[in-house]
Amino acid sequence: MTAHAQSSRSVNPFKQPKAVFAVAFACVVSFMGIGLVDPILPAISDQLNATPSQVTLLFTSYLVVTAVAMLITNWVSSRIGAKRTLIVGLALIVVFAALAGGSGSIGGIVGFRAGWGIGNALFIATSLAVIVASASGGFVGAIILYETALGVGIAVGPLLGGLLGNVSWRGPFYGVAVLMAVALVATVVLVEPIPLPARRTGLGEPLRALRHRGLLTMSLTALCYNWAFFTVLGYAPFPMGLGAIQLGLVFTGWGALVAVFAVFGAPRLQARLGIARTLYANLALFALTVLAIAIWTDNRTVLIVCVIVAGVFIGVNNTVTTQAVMTVAPVDRAVAAAAYGFVRFIGGGLAPFAAGKLVEAFGIHVPFYIGAGALVLGIVILSTAHGLLKEAEKVQAEQVDATPGTGTAVSLVPVEHVAAVSGDAGRGAIVAAVDGSPDARRVTEAAGRLATINGRTVHVVHAEESAAAGDAAADAEDLESARAAVREHLERLTALGVPAVGHVLRNVTGHGEVGRLVAEHAERTGARAIVVGAPAHGGLTALMDAGAGQSLMRYATCDVVLINPRSAELEPAA
């Protein structure tokens, strides 16, 4: 059946096993922790007789410890496995959140927040990888679910903090402990063990990765941006003079804009303006917003509006910068994410405490002026890597912005195979777009049957799967694993007497665009048809998800043959 006769069925990213929802629920609660304490900062200050600078240590201890712990998370998970790392992280969050709620001193809460930070780092490092490994709605469906959890957590955290904090400042801490305990039990019971990676990560790899200029420059830019971000998040509640519920509503508005612009706004802006212009404009507008807070700190209305609007720039920056880091970093994505997270969380952790001390010494306006200055410094640092940003734009343009018929080069890595191609490897080929699922062999067999009719060659194309979202990164496979998958298909075709060549499509972070790139390859080679597995429940990944399928249907200039995994078995090609 061709694409002209029937369109592909869509995959629902929210139709997932219970294990995926258990981890996604834990993600929501974890991301709540970012803004959860904002509404209760003034209450803690009043009831524990603590100065604002002492209270801001709740952010500093949490984020600085998270930053340092990011350096060891890959080392830990590559040795004990993703599930065990996830469980340890969840258990630490449960214990230290409960201890923080029961503490009677500001020093105790600060210390327990530090322990919470260790658990948070372990959780962040493995949650995306576990969701990807456990998901059955397609690779892109797993990312959508993760980003949805991130957005809901950031948006709901302040509101929950305000509602529980209105009863007692201890409420948000106990609330997180209870919710994470539920997630912990569900994870232990429902999530299957995940195989250890083929290579163990070295303890010093994240720090060594910072020797790469592109990664270091983007990380330092993020440090400056996070300084301003957490100055606003950690100290703005004090001059507002609002109650817990009112503060919760303000920061819920902020969190909602962070979520919306991180998931929906940032990709559109990046597609229209490119990485460099998006980041320059976003940092500049954020600097102006923080400058307005610095000038009108005593004006409650201006302060509230500016804090909420800041969510737009924070959401955009989180997404665009993370994607840029993953593009320019010449190391494994998980290592790059750890190195980047370490540097940027250091800035975020130190900023609130510094803000409190600056207010005590110089007045309420000064930390926000410094925050605006930090953003300007971030723009200057970013400009030193303008060439790298342009290169990142070029790489992403090959993935996202290429148009059919232009001959834009796609990052296709040839796969060597001992069997020589005896037929014409060029015009009139049959393209077999395969993923890593067991059903992919049927795609190869169908392509072989079509090729034997007219003596054509089969081009086996496989996308190397990877993703980055928030502060997490996941590689579903490395290049050698992808090549091995392609070789299996080439060997199957060779055994059937069908000439074939293989390619791996690399560095694709936008999995909805895989279909477009396969269509381009087919057009450049003059392919007669593209054979692909139809989207269906049961673990089909990037090439089989709805986004890739719809994109393939839209841009293909030849017939697209859909292989239904539930149909009767194909007989081998003669």
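Owing to the predicted nature of the structure, the values given are computational and were not obtained by experimental measurement. (Residues numbered from 1 in each chain as written. Predicted model: local features only at pLDDT ≥ 70, side-chain atom pairs only at ≥ 80, totals over all residues. Heavy atoms only, no water.)

1. Considering the overall build of the chain
Short version of the rule: Secondary structure elements follow DSSP: runs of H or I no shorter than four residues count as helices, runs of E no shorter than two count as strands, and numbering proceeds from the N terminus. Contacts: residue pairs with any heavy atoms within 4.5 Å of one another. Residue burial considers only the protein chains on display, and all accessible areas are found by Shrake-Rupley using a 1.4 Å probe.
Assigned secondary structure in the chain consists of 21 helices and seven strands. Across the chain, contacts joining residues at least 24 apart in sequence account for 86% of those joining residues at least 6 apart. For the chain, the computed accessible surface area is about 21200 Å², with 63% contributed by carbon and sulfur atoms.

2. Description of unusual backbone geometry
Residue Asn-49 is not a glycine yet carries a positive backbone phi of 50 degrees. Tracing the backbone through its elements, the reader meets Asn-49 in the loop between helix 2 (41-47) and helix 3 (52-55).

3. Observations regarding the pairing of strand 6 (residues 529-533)
Basically, it comes down to this: Throughout this description, buried means an accessible area under 20% of the type-specific maximum (1.4 Å probe, protein chains only), exposed means over 50%, and partly exposed covers the range between.
Across the five residues that make up strand 6, a large majority, five, are buried. Here strand 6 shows no split at all, with Ala-529, Val-531 and Gly-533 on one side and Ile-530 and Val-532 on the other all buried.

4. Considerations on helix 5 (residues 82-102)
Stated precisely, the cut-off is as follows: Here, expected helix span is obtained from the residue count minus one, scaled by 1.5 Å.
If you check helix 5, its first and last C-alpha atoms are 30 Å apart, about what 21 residues at 1.5 Å a residue would give, namely 30 Å. By the burial criterion, the buried members of helix 5 are Ala-82, Lys-83, Thr-85, Leu-86, Gly-89, Leu-90, Ile-93, Val-94, Ala-97, Ala-100 and Gly-101.

5. Examining the nonpolar core
We count it as follows: Residues enter a nonpolar core if they are buried and are Ala, Val, Leu, Ile, Met, Phe, Trp, Tyr or Cys, with the set joined through side-chain atoms within 4.5 Å.
By size, the foremost hydrophobic cluster in this structure holds 116 residues, and its most contacted members are Ile-44, Phe-173, Met-180, Met-240, Phe-286 and Val-307. Broken down by element, this core gets its largest block of residues, 13 residues, from helix 14 (residues 300-328). Setting aside residues no more than four positions away along its own chain, Met-240 makes contact with Leu-247, Val-250, Phe-251, Arg-300, Leu-303, Ile-304 and Val-307. Counting residues in each nonpolar core, the second largest holds 22 residues, with Ile-430, Ala-447, Ala-529 and Val-531 among its members.

6. A few points about the packing of aromatic side chains
Filter applied, for reference: Any Phe, Tyr or Trp ring, taking Trp's six-membered ring, that has another such ring centre within 6.5 Å forms a pair; planes under 30 degrees apart are called stacked, those over 60 apart edge-to-face, and the others tilted.
Scanning all chains against the criterion turns up 12 aromatic pairs. With 5.9 Å between their ring centres and 80 degrees between their planes, Tyr-62 and Trp-116 make a pair best called edge-to-face. Of the two residues, Tyr-62 sits in helix 4 (residues 57-80) while Trp-116 sits in helix 6 (residues 106-134), which places them 54 residues apart along the sequence. With a relative accessible area of 4%, Tyr-62 lands in the buried category.

7. Observations concerning the environment of Pro-367
Position of Pro-367 among the secondary structure elements: in helix 16 (residues 366-383). The buried category is assigned to Pro-367, whose relative accessible area is 1%. Residues Pro-367 and Ala-351, 16 residues apart in the sequence, show an inter-C-alpha distance of 8.6 Å. Residues contacting Pro-367, with those up to four places away along its chain left out, are Thr-231, Ala-355, Leu-358 and Val-359.

8. With respect to the environment of His-503
Position of His-503 relative to the elements: it lies in strand 5 (residues 500-508). Between the alpha carbons of His-503 and His-459 there is a distance of 7.5 Å; along the sequence they are 44 residues apart.

9. Here we look at the environment of Leu-288
Here Leu-288 shows up in helix 13 (residues 275-295). When the C-alpha positions of Leu-288 and Gly-373 are compared, they lie 9.9 Å apart, and in sequence the two are 85 residues distant.

10. Quick notes on the packing of helix 1 (residues 18-35) against helix 8 (residues 171-190)
The geometry of a pair of packed helices is captured by two quantities: the angle between their axes and the separation between those axes. So the rule is basically this: Note on method: axes are straight lines fitted to C-alpha atoms, helices fitted across the in-contact stretch only, with angles between N-to-C directions ranging 0 to 180 degrees. Each angle receives one of four descriptions, namely roughly parallel if under 35 degrees, roughly antiparallel if over 145, roughly perpendicular if within 65 to 115, and oblique otherwise. Crossing handedness is defined as follows: a turn of the near helix away from the far one that is anticlockwise and smaller than a right angle gives a left-handed crossing, while the clockwise case is right-handed. Residues are grouped as follows: Ala, Val, Leu, Ile, Met, Phe, Trp, Tyr, Cys and Pro are nonpolar; Asp, Glu, Lys and Arg are charged; every other residue, Gly included, is polar.
Packing of helix 1 against helix 8 brings their axes to within 9 Å, and their N-to-C directions diverge by 155 degrees. Taken together, helix 1 and helix 8 sit at an angle that is classed as roughly antiparallel. The two elements helix 1 and helix 8 cross, and the hand of that crossing is left-handed. In contact with Lys-18, Ala-19, Ala-22, Phe-25, Ala-26, Val-29 and Ser-30 of helix 1, helix 8 contributes Val-176, Leu-179, Met-180, Val-182, Ala-183, Ala-186, Thr-187 and Leu-190. Classifying every residue of the contact of helix 1 with helix 8 by side-chain character gives 12 nonpolar, two polar and one charged.

11. Observations concerning helix 8
Helix length check: helix 8, at 20 residues, gives a terminal C-alpha distance of 28 Å against a target of 28 Å (1.5 Å per residue), a fit within 8%. Taken residue by residue, helix 8 has Gly-171, Pro-172, Phe-173, Gly-175, Val-176, Ala-177, Met-180, Ala-183, Leu-184 and Thr-187 as its buried positions.

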